[in-house]
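For reference, the chains in residue letters:
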Amino acid sequence: MKQPPGFVDSTLPSHVCKLHKSLYVLKQALGAWYTHMSDFLLSIGFLASKVDTSLFILSNGTNIFYFLVCVNNILLTGSNSAMLHRLIQLLSFEFKLRDLGAVHYFLGIEVQSTSMGLMLHQHKYILDILTRASMTSCKPVDTLVSPLKITILPDTSFSDPTRFRQIVGVLQYLTFTHLDICFVVNRVCQFMHAPIDSHWATIKHILRYLKGTTSYGFHITRGLSFALHGFTNVDWAGSIDDRKSTGGYLVFFSQTQISWKFGKQRMVACSSTEAEYTALADDTAKVIWLQYFLTDLQVPSISAPTIWYDNLGATYLSANPIFHACTKHVEVDYHFFCD
């Protein structure tokens, strides 16, 4: 710390200013805000989640309330409307806030109530991306480009790599509600260091696809059970550039998909069994985390999570005592199925 140039006190050059209040632009402001918020929530009866530091839970007999904070964006819900209104009043006494009513827009994700539940989509976000890329009047296409065509080929370097990285960056956030573009977006992300003209043509194809699917999203529906189901699969040595395997998983809570991941594995697998086993371990780690998360939410766990995969070798490896030692605190069932 030192005195700012032009405002140095010649009589006390080694002194600095004492900070009384953190402002939004200071690096320590976010930490100070979170500390103040969490201390207040804990003082009125909330408990912090053990697996997600942004979530706080208040359980009061038969009533339960969830408080989710992301910097200065807050979601608050609960099972009792009168107590929920009382909590909002308590928060308004301590903080300056605005009650926007039922959630309809949060962190760029639009929330629409339907007869089946909630519909999450990013219609406005897609339009902003198209405007940013100057493609608002482009012709839509019905299908995405094959990820196998996105490779390192001899081609002219793209003239504006910064623009390429900016568009790819905003597309990554779109995968929260557009599950169908996860794979191809992950593929173009692998060439951000040195994009070529064919990579930019792929980006334009993705944007044209989004032009025709602006209303796409996914439903959060009320299910009949509290069961977790995970599905995992791998394309062994699918990348023709470095022969790494590309795989992923999809986790359902009842009938609703709540977690997914598609990406290239970090190492080169010597066999399909090794690639499938690596993906199975990733899916298991995510399912275990989700089960701990549901425990924090006080959601009853009636049965053990189920993970489905289609490799017989990974079936034998998953029965290894070493593998089960890693999941000894949470029971997980593994099931083999044929394509």
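About the criteria used
- Residues numbered from 1 in each chain as written.
- Predicted model: local features only at pLDDT ≥ 70, side-chain atom pairs only at ≥ 80, totals over all residues.
- Heavy atoms only, no water.
- Helix = DSSP H or I, 4+ residues; strand = E, 2+ residues; numbered from the N terminus.
- Buried < 20%, exposed > 50% of the residue type's maximum accessible area, 1.4 Å probe, protein only.
- Contact = heavy atoms within 4.5 Å.
- Areas by Shrake-Rupley, 256 points an atom, 1.4 Å probe, with all protein chains shown as cover.
- 1 Å grid on protein atoms, 1.4 Å probe; cavity = no way out; pocket = protein on both sides within 12 Å on 5 of 7 lines; lining within 4 Å.
- Points joined across faces, edges and corners; volume = space filled by probe spheres on them.
- Nonpolar A, V, L, I, M, F, W, Y, C, P; charged D, E, K, R; others polar.
- Pairing = 2+ DSSP bridges.
- Salt bridge = Lys/Arg side-chain N within 4 Å of Asp/Glu carboxyl O.
- Axes fitted to C-alpha atoms, helices over the stretch in contact; angles between N-to-C directions.
- Parallel < 35°, antiparallel > 145°, perpendicular 65-115°, else oblique.
- Expected span 1.5 Å × (residues − 1).
- Arc of directions from axis to C-beta.
- Phe/Tyr/Trp six-rings, centres within 6.5 Å; stacked < 30°, edge-to-face > 60°.
- Lys NZ or Arg CZ within 6 Å of the ring centre and 35° of its normal.
- Core = buried A, V, L, I, M, F, W, Y, C linked by side-chain atoms within 4.5 Å.

A. Focus on the overall build of the protein chain. Broken down by element type, the protein chain carries nine helices and 13 strands. In the protein chain, buried positions account for 38% of the 339 residues. Of all intrachain contacts in the protein chain linking residues separated by at least 6 positions in sequence, the fraction that spans at least 24 positions is 63%. Accessible surface, the protein chain: about 20,300 Å² in total, of which carbon and sulfur atoms supply 60%.

B. Region of the structure containing empty space enclosed by the protein. As enumerated under the stated definition, the model contains one cavity of 30 Å³ or more in all. In this structure, the largest cavity encloses a volume near 70 Å³. Forming the boundary of the largest cavity are Phe226, Ala227, Leu228, Gln291, Leu294, Thr295, Val299, Pro300, Ser301, Ser303 and Pro305. Per element, the largest residue contribution to the lining of the largest cavity is three residues, and it comes from helix H7 (residues 272–296). By residue class, the composition of the lining of the largest cavity is seven nonpolar, four polar and no charged.

C. A look at the sheet that holds strand E3 (residues 63–70). Strands sit in the order E1-E2-E3-E4 across an open sheet of four strands; the sheet is antiparallel. On the outer flanks of this sheet lie strand E1 (47–48) and strand E4 (73–78), each paired with one strand and no other. One ladder, built from six bridges, connects E3 with E4; its direction is antiparallel. Counted as the bridge partner of Phe65 is Gly78 from E4.

D. Representation of the side chain of Gln265. For Gln265, the location among the structural elements is in the loop between strand E11 (256–264) and H7. Look at Gln265 and you get buried, because its relative accessible area is 10%. Excluding residues within four positions of it along the chain, Gln265 makes contact with Val234, Lys244, Ser245, Ala275, Thr278 and Ala279.

E. The arrangement of the pattern of salt bridges in detail. Counted according to the given criterion, the structure contains one salt bridge. Residue Asp128 pairs with Lys124 through a salt bridge whose shortest N-O separation is 3.2 Å. With Asp128 and Lys124 both in helix H3 (residues 123–132) and four residues apart, this pair spans about one turn of that helix. Residue classification places Lys124 among the partly exposed residues on the basis of a relative accessible area of 43%.

F. Here's a closer look at the packing of H3 against helix H4 (residues 161–174). Two elements in contact, H3 and H4, have axes whose closest approach is 11 Å; the angle formed by their N-to-C orientations is 170°. Between H3 and H4, the interaxial angle falls into the category roughly antiparallel. Contact with H3, carried on its side by Tyr125, Ile126, Ile129 and Arg132, involves Arg163, Gln166, Ile167, Val170, Leu171, Tyr173 and Leu174 of H4 and no other residues of that element. Across the contact of H3 with H4, the residue classes tally to eight nonpolar, one polar and two charged.

G. How the structure looks around the environment of Met192. Tracing the backbone shows Met192 in the loop between helix H5 (182–189) and helix H6 (197–211). Sequence separation between Met192 and Pro161 is 31 residues; the distance between their C-alpha atoms is 7.6 Å. Among residues more than four places away in sequence, those in contact with Met192 are Phe164, Arg165, Val168 and Gln172.

H. Here's a closer look at helix H1 (residues 29–43). Here H1 is 15 residues long and its end C-alpha atoms lie 21 Å apart, about the 21 Å a rise of 1.5 Å per residue gives. When H1 is considered as a whole, its buried residues turn out to be Ala29, Met37, Ser38, Phe40 and Leu41. Taken around the axis of H1, the buried residues stretch over an arc of 160°, which confines them to a single face. Those residues of H1 that are buried are in contact with strand E2 (55–60), E3, E4 and helix H2 (81–94).

I. Quick look at the packing of aromatic side chains. Enumeration over the complete set of coordinates arrives at 14 aromatic pairs. Summarising the aromatic geometry, the rings of Trp33 and Phe95 are spaced 5.3 Å apart at their centres and angled 75° between planes, so their arrangement reads as edge-to-face. With Trp33 in helix H1 and Phe95 in the loop between H2 and strand E5 (105–106), the pair connects residues that are 62 residues apart, well separated along the chain. Judged by relative accessible area, which is 9%, Phe95 ranks as buried. The rings of Tyr34, Phe46, Phe56 and Phe67 are connected pair by pair, giving a single aromatic cluster. Seen from the ring of Trp289, Lys286 lies directly overhead, with NZ or CZ sitting 5.1 Å from the centre.

J. Spatial organisation of the nonpolar core. Within the largest apolar cluster, 26 residues are counted, with the highest numbers of intra-cluster contacts made by Leu171, Leu174, Ile203, Leu207 and Leu210. Broken down by secondary-structure element, the contributors of at least two residues to this core are H3, H4, H5 and H6. The contact partners of Ile203, leaving out residues within four places of it in the chain, are Phe164, Ile167, Val168, Leu171 and Val188. In this structure, Tyr249, Phe253, Tyr309 and Ala314 belong to the second largest nonpolar core, which totals 16 residues.

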